[in-house]
Amino acid sequence: MTYIVKPKFHHPALPKNALGYTHRDYEGSVSTLCAGCGHDSISAAIIEACFELAIEPHRVAKLSGIGCSSKTPTYFLGQSHGFNSVHGRMPSVLTGANLANRDLIYLGVSGDGDSASIGLGQFAHAIRRGVNMVYIVENNGVYGLTKGQFSATADRGSKAKRGAVNNDSSIDLVAMAMQLGATFVARSFSGDKEQLVPIIKAAIEHKGAAFIDVLSPCVAFNNHLGSTKSFDFVRMHNEAVNRLDFITGRTPITVDYEPGTVEIVEQHDGSKIALRKLNAEYNIHDKLAAMSFLLHHAAEGQIVTGLLYVDSDPDDLHAHLATVDAPLNSLGEKELCPGSATLEKFNASLR
Amino acid sequence: MKLTDIAAPDYFHKVVDCQWACPAHTPVPEYIRLIAQGRYGDAYMINWKSNVFPGILGRTCDRPCEPACRRGRVEKDPVAICRLKRVAADYKEDIKERLPKAVEKGKRNGKRIALVGAGPASLTVARDLAPMGYECVVFDGDFRSGGMMRSQIPKFRLPDKVIDEECNYILDLGVEFRGGRPVESLKKLLAEGWDAVFVGSGAPRGRELDIPGRKEAAKNIHIGIDWLSSVSFGHINSIGKRVIVLGGGNTAMDCCRSSRRLGGEDVKVIVRSGFEEMKASPWEKEDAMHEGIPIHNYLVPKEFTHRDGKLTGVTFEKVKAEYDEKGRRKLVNAGEPDQHFECDDVLVAVGQENSFPWIERDIGLEFDQWDMPKVDPKTFVSTNPQVFFGGDAAFGPKNIIWAVAHGHEAAVSIDKYLSGEDMNVRPLPAVEVVSQKMGIHEWSYDNDIANDKRYRVPTRDNVIALKDIRTEVELGYDDKLAFQEAQRCLNCDVQTVFTGQLCIECDACVDICPMDCITFTHNGEEADLRTRLKAPAQNLTQDLYVADNLKTGRVMVKDEDVCLHCGLCAERCPTGAWDMQKYLIEMTQAEQACRSRA
Ligand SMILES: Cc1cc2nc3c(=O)[nH]c(=O)nc-3n(C[C@H](O)[C@H](O)[C@H](O)COP(=O)(O)OP(=O)(O)OC[C@H]3O[C@@H](n4cnc5c(N)ncnc54)[C@H](O)[C@@H]3O)c2cc1C
Ligand SMILES: Cc1ncc(C[n+]2csc(CCOP(=O)(O)OP(=O)(O)O)c2C)c(N)n1
Ligand code: SF4
Ligand code: SF4
Ligand code: SF4
Ligand SMILES: [Mg+2]
């Protein structure tokens, strides 16, 4: 039961980005996930986002834990750096890597089991430390890899494939991320790339802890009636508060919109997001209101999607720690090991 | 945009680009797969049914299928469809038992058909009608059957034994061949009481070049097709050392290459037009140049020079191409001095014409303003309901595969006419649809895509090839090369079939498709839709497949243009909404079955 290798041929009119790459150049090995898995669509969205941003593949580090979701970094950005950690430990490995080399783009890819069960503590601390990263949870409400046990994000009252009911409260990673100080928080759906791709692009441009919860139906174990993470359920209960029409670098946005329908969000580095509001009241800069909006809709069984919160002036772990600007691997032995005299001085400063 | 009706036989037929482009609609990918499996006899029979002369066409076909081949749209070169046909013919087992049997004289249906000319058109009509019990008698001025396949195409491209074999398959069906018997009067022929007459007499006249010196130097100026047939039948076996061939079509290529083998050492082709616009197929030009024959272009012959009744050369005016505002090309004087080329012989290959001196104009058979018979392009009947035309005789010189295609259609018409049916009601093709799914990720065709570039057909070394005009130049693929070339075929007849009701819109097919063929979007006008797809659908000759029944109310749009038929969409679909189904489309030929089916 092996797939054939995806043929090398590509459409003759495929667009190329500024680096001369097509989106096919951002692919990885062929996926071994179940046919139809939402995770594969998220991989495709990451590929599209990196292609559109013309990111040099060698500037990306993909890190993940354990789970079907955590396997996906193999299936995209085949020319990038990768690290597959133990279950739930991606955030600490990512944090360490980020401290060592602040120049890379960090893409943490995890599952709801990996992040909300075994790795909940790691998740919390990486977020609260403000590590500059894109943290994506591919959220299917189950442990897909171990054959479909409820995960901690499964909604109370939702049903497993064979009818068992989940009686535990669910963890809402989006609400937690906001509460823990993430400076960019979004939720989207694997079946809606038009919404998801610009969110990933914006998150990559964001210089701080960016968290994206992506509902990603598990076709094998959690796509039945009674599940709240199925294609049908998510489509029916999706309350999209906005759509990111596009994000640009420093070039001015020239597209005309009807007044009042679009909000331009300028990020710290000067890049801009054009936000088309679908819900007039929703304010992406008001964290408290956003959290109450989320909880309110969750209670009604609605799934709020879109860019939910953004701090336009974030800072990150390196700022908190006042680390050197240069990545550690670019420093010489003298800078890294300044000698016992310097150590003495440093120790003295702590006494 | 309107939803696609995939049940219409033409829809999926068009996706099989090669078969659609083949005038006889040969099921190309079907026979290529059989070749890959080493089933040469089966591959041959598929060809034999459609195009009647697989061994001949596998060496000589004009191959309209190849420019159409989808492979040529995803990489540089199309599949070598034509030369794979030859593989089937070369390596097949004895297939005589699989051919239809001659109908014994006493068991025939009593209807008699006269066929004028023993070229591919007539022979096709005879092949289709003889097994049905018609008495078919073929007349030809030549003593051997085959028409121009025998008289014109040089033996180094097409050996006699291949022509003998395939013409005999037809004559052995109880078809009578009367060689050396030119029909001198259609009126008389009709008076003999034939039930129908098929005219497959070709376009036998070579165009003249009336410029000064033509008459004076006539001894060394030859009309290409007359010269070639004299060579074929052994009446001519030498030519001067220095030869000029005038003309840029395939006849010119055969003339120059033949000259090289009959003593021509300094042989050149000189054409009026530019090199690119020459009528000869690119591969014919390549073959000629490979044999050391230069091609000079933009030279219009002005005068044959001669001394004492002997040709000394040809003078040319140098021209250049100019285009008017409508983009039409005109050749105008280039303002350079005339050029003179010396030579011993000239071969004039500047075109071919029809001529029907043997058809009286008062027998109810109308001719048009160009003195061509009025022939219905669908039924091939003339204005005399008893007389049918086909091949080069119908609409001017084309090629073998068109002659075959005409022959099949004319046979259907003749059969309908002689059975009292309306020949304008044409039988529909037979379509067979079979899912290729064998298991998860398992298909009954090889869906893996080979990256190989087109394989060259091995040829004999020039030194040997140029020694004898009867030595075949191409050696053909061996079985290993044939397999590798066959694997390049994209199996375009294995269709992607979509069932909207089953789709959960998970995007798996969209994401996996290597060619970005599939898009889920809201419907719109075709022109607009073509711009909104995952990859722009700029090839307007290729259809969009639009299907509905999706929960979100969107439509599935697939651009058929560069689909590799790799089946990955179907492998990735969790619900079986995509399936790979083989569409076998066979054109209906004259046979018992086609009467009831129509
Ligand atoms: C030099 C040359 C090379 C060619 N090479 C190729 C090639 O490589 N591939 C390709 O596909 N096509 C090629 N062609 C074209 C191809 O040969 C013709 O298109 C094809 O043979 C036409 O078939 P047909 O059945 O219409 O008639 P023909 O093949 O022309 O046969 C007509 C027959 O009718 C006979 N005839 C004519 N008048 C009478 C009469 N009054 N009574 C009795 N018999 C008569 C003739 O003797 C002849 O045998 C070539 C043509 C030429 C001239
Ligand atoms: C330390 C440890 N505990 C338990 C497991 C077994 N295990 C493997 S994957 C997994 C859950 C994965 O769930 P999730 O992160 O949601 O990924 P999914 O497969 O659903 O995408 C578990 C519990 C393990 N591999 N390692
Ligand atoms: S790839 Fe094969 S099936 Fe497709 S057009 Fe070419 S020859 Fe025909
Ligand atoms: S067969 Fe399917 S996956 Fe393969 S190229 Fe065609 S549409 Fe794409
Ligand atoms: S893979 Fe199948 S179910 Fe999924 S979108 Fe494609 S056709 Fe629909
Ligand atoms: Mg999970």
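Rules behind the numbers
- Residues numbered from 1 in each chain as written.
- Chains lettered and ligands numbered in written order.
- Predicted model: local features only at pLDDT ≥ 70, side-chain atom pairs only at ≥ 80, totals over all residues.
- Heavy atoms only, no water.
- Near = heavy atom within 4 Å.
- Polar contact = N/O pair within 3.5 Å; in protein donor to acceptor, adjacent residues only side chain to side chain.
- Areas by Shrake-Rupley, 256 points an atom, 1.4 Å probe, with all protein chains shown as cover.
- Helix = DSSP H or I, 4+ residues; strand = E, 2+ residues; numbered from the N terminus.
- Nonpolar A, V, L, I, M, F, W, Y, C, P; charged D, E, K, R; others polar.
- Domains from an automatic or database assignment.
- Contact = heavy atoms within 4.5 Å.
- Buried area = accessible area lost by both parts, 1.4 Å probe.
- Salt bridge = Lys/Arg side-chain N within 4 Å of Asp/Glu carboxyl O.
- Buried < 20%, exposed > 50% of the residue type's maximum accessible area, 1.4 Å probe, protein only.

With that out of the way, let us pick up the site of ligand 1. Residue and element names in this part refer to chain B. As a structural note, the neighbourhood of ligand 1 is formed by 33 residues, with Thr60, Asp140, Arg157, Val183 and Asp392 the closest of them. At 2.8 Å, a backbone N or O of Val183 approaches a nitrogen atom of ligand 1. The side chain of Trp358 places a nitrogen or oxygen atom 3.4 Å from a nitrogen atom of ligand 1. The protein chains hide 93% of the 990 Å² of surface that ligand 1 would expose on its own. The set of elements that each furnish at least two residues to the shell around ligand 1 consists of α9 (120–129), α13 (224–232), α14 (250–261) and α17 (400–418). In the shell around ligand 1, the residues fall into 14 nonpolar, 13 polar and 6 charged. A domain split of the shell around ligand 1 shows at least three residues from each of domain 1 (99–204 + 354–418) and domain 2 (206–350).

Once that is clear, we can look at the domain arrangement of chain B. Residue and element names in this part refer to chain B. Taken as a whole, chain B is organised into domain 1 (99–204 + 354–418) and domain 2 (206–350). Centre-to-centre separation of domain 1 and domain 2, based on C-alpha positions: 32 Å. Each partner contributes to the interface: domain 1 provides 12 residues, whereas domain 2 provides 11 residues. Buried surface at the junction of domain 1 and domain 2, summed over both partners, amounts to about 960 Å²; 55% is from carbon and sulfur atoms. Contact with domain 2 buries surface across domain 1, with Gln152, Phe156 and Arg157 losing the most and accounting together for 53% of the total. Joining domain 1 to domain 2, the criterion identifies 2 salt bridges. In this structure, Asp254 and Arg157 form a salt bridge, with 2.7 Å as the shortest nitrogen-oxygen distance. Put simply, domain 1 and domain 2 have 4 residue pairs in polar contact (both at pLDDT 80 or more) between them. When its residues are assigned to classes, the side of domain 1 that touches domain 2 shows 6 nonpolar, 2 polar and 4 charged.

Another point: helix α8 (residues 81–91) of chain B. Burial within α8(B) is extensive, with 9 of its 11 residues counted as buried. Regarding α8(B), the residues found buried are B:Ile81, B:Cys82, B:Arg83, B:Leu84, B:Lys85, B:Arg86, B:Val87, B:Ala88 and B:Ala89.

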